[in-house]
Amino acid sequence: MAKVPTPKLDELEKGPWPSFVTEIKKRADKHAACSDLLGILERSYNEKIGHWKHGGIVGVFGYGGGVIGRYCDLPEDFPGVAHFHTMRVNMPAAWFYTSEAIRTLCDIWEKHGSGLTNMHGSTGDIIFLGCRTEDLEPCFAELAEAGFDLGGSGSDLRTPSCCCGMARCEWACYDTMGFCYEMTQHFQDELHRPAFPYKFKIKAAGCPNDCVASIARADLSVIGNWRDNIQIDAAEVTNYAKAGLDIAADVVNNCPGQCIRWDGKTLTIKDEDCKHCMHCINVMPKALRPGKERGATLLLGSKAPIMEGALLSSVLVPFIEMEEPYDDIKELIEAIWEVWCEDGKNRERVGEFIQRVGMGNFLEAIGLEPDPNMVAHPRENPYVFYNLNEEEESDE
Ligand code: SF4
Ligand code: SF4
């Protein structure tokens, strides 16, 4: 139980949704951090302000990221959370665990920290929530012994994450888990030792449904795609129609490419107009599936509002084959990092960097050709830059 009364938090034990207050209370007798966390949280609920001091720089030797230091601003009242650092532990791709792995993690965290976790942080990591500075190295050592490493934090490559892909989903256009794991291993140095102007995130989705929201939450969004025709099983289409699906209303009329025909017997798709939106496949999973020539679309630049406004990633490579060990993607990532690390401003995300220097200059610097797929529509103003060489050439 919390050492101080928590009438406001107690209210949050009511109602049907699993209560985080109940969960923390379960551990309140076992660790001072948990009872004091309830205490300081109740105080924040009353005063409507946070009670954590600004910032905090702690970590483990050899790494520059992975631990988020935090100190409460009322250490006399709540000594159990005087230090309350968070360790980010790199999760397995797509969050598949054995009970044994979870037990191992629990044993380590009960020994060295509060026992409280987030399963998982928004980027994907296992979050070990709350420990003291002197606990960090022993905890890290034991994690490493058990085969777990820290995730990313700070101006580095953050922990890549992916949808469950081929493990459980018939729409996966490439092996998201294999790709995610390969990127994580290949770029360990960039993940553990911040060397960038700012953070950089990679997320991998197996198809345009984008179940990891990569297009909104990753600087590099890798989204599975196909470039041939949607596979149609005519017999299964008939079954859907017989079972009462209104194909005209629910599929044909919702197709953004307006490229599906249904005459009551046969379904046809004009694939060159298909926008690969997944809608028809989502509605009739037994009858339709992505094409056979599969790969991914690479998109770049998404970020949250600060500083220059929120961005979604936009197309960088319309289609790329996804084959281990993904050398061409690694090269592209390195080219992006080289340009952004050289000319990016302090704390400028790659999306903002492109807005500042211009897509044309950026593409030239990383060695990619412009492509109509990169824009939703052409520019509407006439303020076009020409480089001097181009003008001289046309004068000749
Ligand atoms: S993004 Fe696509 S492939 Fe991945 S889990 Fe979602 S639907 Fe399946
Ligand atoms: S994937 Fe989307 S755009 Fe393509 S045919 Fe199906 S509904 Fe139309």
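Our subject is the structure listed above.
Heads up: these notes are all about the structure in this document.

Definitions and cut-offs
Residues numbered from 1 in each chain as written. Chains lettered and ligands numbered in written order. Predicted model: local features only at pLDDT ≥ 70, side-chain atom pairs only at ≥ 80, totals over all residues. Heavy atoms only, no water. Phe/Tyr/Trp six-rings, centres within 6.5 Å; stacked < 30°, edge-to-face > 60°. Helix = DSSP H or I, 4+ residues; strand = E, 2+ residues; numbered from the N terminus. Buried < 20%, exposed > 50% of the residue type's maximum accessible area, 1.4 Å probe, protein only. Near = heavy atom within 4 Å. 1 Å grid on protein atoms, 1.4 Å probe; cavity = no way out; pocket = protein on both sides within 12 Å on 5 of 7 lines; lining within 4 Å. Sits in = over half its atoms within 2 Å of the grid points. Nonpolar A, V, L, I, M, F, W, Y, C, P; charged D, E, K, R; others polar. Pairing = 2+ DSSP bridges. Contact = heavy atoms within 4.5 Å. Axes fitted to C-alpha atoms, helices over the stretch in contact; angles between N-to-C directions. Arc of directions from axis to C-beta. Polar contact = N/O pair within 3.5 Å; in protein donor to acceptor, adjacent residues only side chain to side chain. Points joined across faces, edges and corners; volume = space filled by probe spheres on them. Patch = residues over 30% accessible without salt bridge, like charges linked within 9 Å, V, L, I, M, F, W, Y side chains within 5 Å. Areas by Shrake-Rupley, 256 points an atom, 1.4 Å probe, with all protein chains shown as cover. Salt bridge = Lys/Arg side-chain N within 4 Å of Asp/Glu carboxyl O. Parallel < 35°, antiparallel > 145°, perpendicular 65-115°, else oblique.

## Overview of the packing of aromatic side chains
Scanning the entire structure with this criterion turns up eleven aromatic pairs. With a centroid separation of 4.8 Å and 70 degrees between ring planes, the pair formed by Phe-187 and Trp-337 is classed as edge-to-face. Of this pair, Phe-187 sits in the loop between α6 (176-186) and α7 (188-192) while Trp-337 sits in helix α12 (residues 327-343), placing them 150 residues apart in sequence. The burial state of Phe-187 is the same as that of Trp-337; both residues are buried. Between the aromatic rings of Phe-200 and Trp-340, the centroid separation amounts to 5.8 Å while the plane-to-plane angle is 45 degrees, which identifies the pairing as tilted. One end of the pair, Phe-200, is in the loop between α7 and β6 (202-205); the other, Trp-340, is in helix α12, with 140 residues separating them in the sequence. Classification of Phe-200 as buried rests on a relative accessible area of 0%.

## Re the site of ligand 2
Ligand 2 sits among 14 residues. The nearest are Cys-255, Cys-274, Lys-275, Cys-277 and Cys-280. Comparing atom positions with the cavity grids shows ligand 2 to sit within the largest cavity. Each residue belonging to the shell around ligand 2 can be placed in one class, and the counts come to ten nonpolar, three polar and one charged.

## A few points about the sheet that holds strand β2 (residues 86-89)
Taken together, four strands build an open sheet; the order of strands is β1-β2-β4-β3 and the sheet is antiparallel. If you trace the sheet from one side to the other, it starts and ends with β1 (67-68) and β3 (117-119), each paired once. Pairing between β2 and strand β4 (residues 126-129): four bridges, direction antiparallel. Residue pairing for β4: Thr-86 is matched across the bridge by Leu-129. On the sheet, helix α4 (residues 99-112) packs against β2, β3 and β4 and is oriented at approximately 25 degrees with respect to β4.

## Thoughts on helix α2 (residues 20-28)
What sets the pattern is the α-helix's 3.6 residues per turn: residues three or four places apart point alike. Of the residues making up α2, those classed as buried are Val-21, Ile-24, Lys-25, Arg-27 and Ala-28. Down the axis of α2, the buried set is contained in an arc of 165 degrees. They therefore lie on one face. The elements touched by buried residues of α2 are α1 (7-11), α3 (32-47) and α4. For α2, the side-chain oxygen to backbone nitrogen distance between the N-cap and Val-21 is 3.1 Å, and the N-cap itself is Ser-19.

## Concerning empty space enclosed by the protein
All told, the structure shown has one cavity of 30 Å³ or more when counted by the stated rule. Size it by volume and the largest cavity reaches roughly 90 Å³. Taken together, 15 residues form the lining of the largest cavity, with Cys-255, Ile-260, Cys-274, Cys-277 and Cys-280 sitting closest to its centre.

## What about the side chain of Lys-330?
Mapped onto the elements of the fold, Lys-330 is located in helix α12. When neighbours within four sequence positions are excluded, Lys-330 is seen to be in contact with Glu-182, Met-183, His-186, Phe-187 and Pro-325.

## Structural notes on the site of ligand 1
With respect to spatial proximity, the complete set of residues near ligand 1 consists of Cys-163, Cys-164, Cys-169, Trp-171, Ala-172, Gly-206, Cys-207, Asn-209, Asp-210 and Cys-211. When grouped by side-chain class, the residues that make up the shell around ligand 1 number seven nonpolar, two polar and one charged.

## What about a nonpolar patch on the surface?
A contiguous nonpolar surface patch, about 250 Å² in accessible area, is contributed by Leu-12, Phe-20 and Tyr-45. Note on placement: Leu-12 falls in the loop between α1 and α2.

## Details of the packing of helix α13 (residues 350-357) against helix α14 (residues 359-366)
Where α13 meets α14, the axes come as close as 6 Å, and the angle between the chain directions of the two elements is 110 degrees. With respect to each other, α13 and α14 are oriented roughly perpendicular. Across the interface between the two elements, Phe-353, Ile-354 and Val-357 from α13 touch Met-359, Asn-361 and Phe-362 from α14. By residue class, the composition of the contact of α13 with α14 is five nonpolar, one polar and no charged.

## With respect to the pattern of salt bridges
Evaluated as defined, the whole model comprises 20 salt bridges. Between Glu-11 and Lys-14 there is a salt bridge, with its nearest N and O atoms 2.8 Å apart. Lys-330 serves as the salt-bridge partner of Glu-182, at 2.7 Å between the closest nitrogen and oxygen. Placement of the pair is Glu-182 in helix α6 and Lys-330 in helix α12, with a sequence separation of 148 residues.

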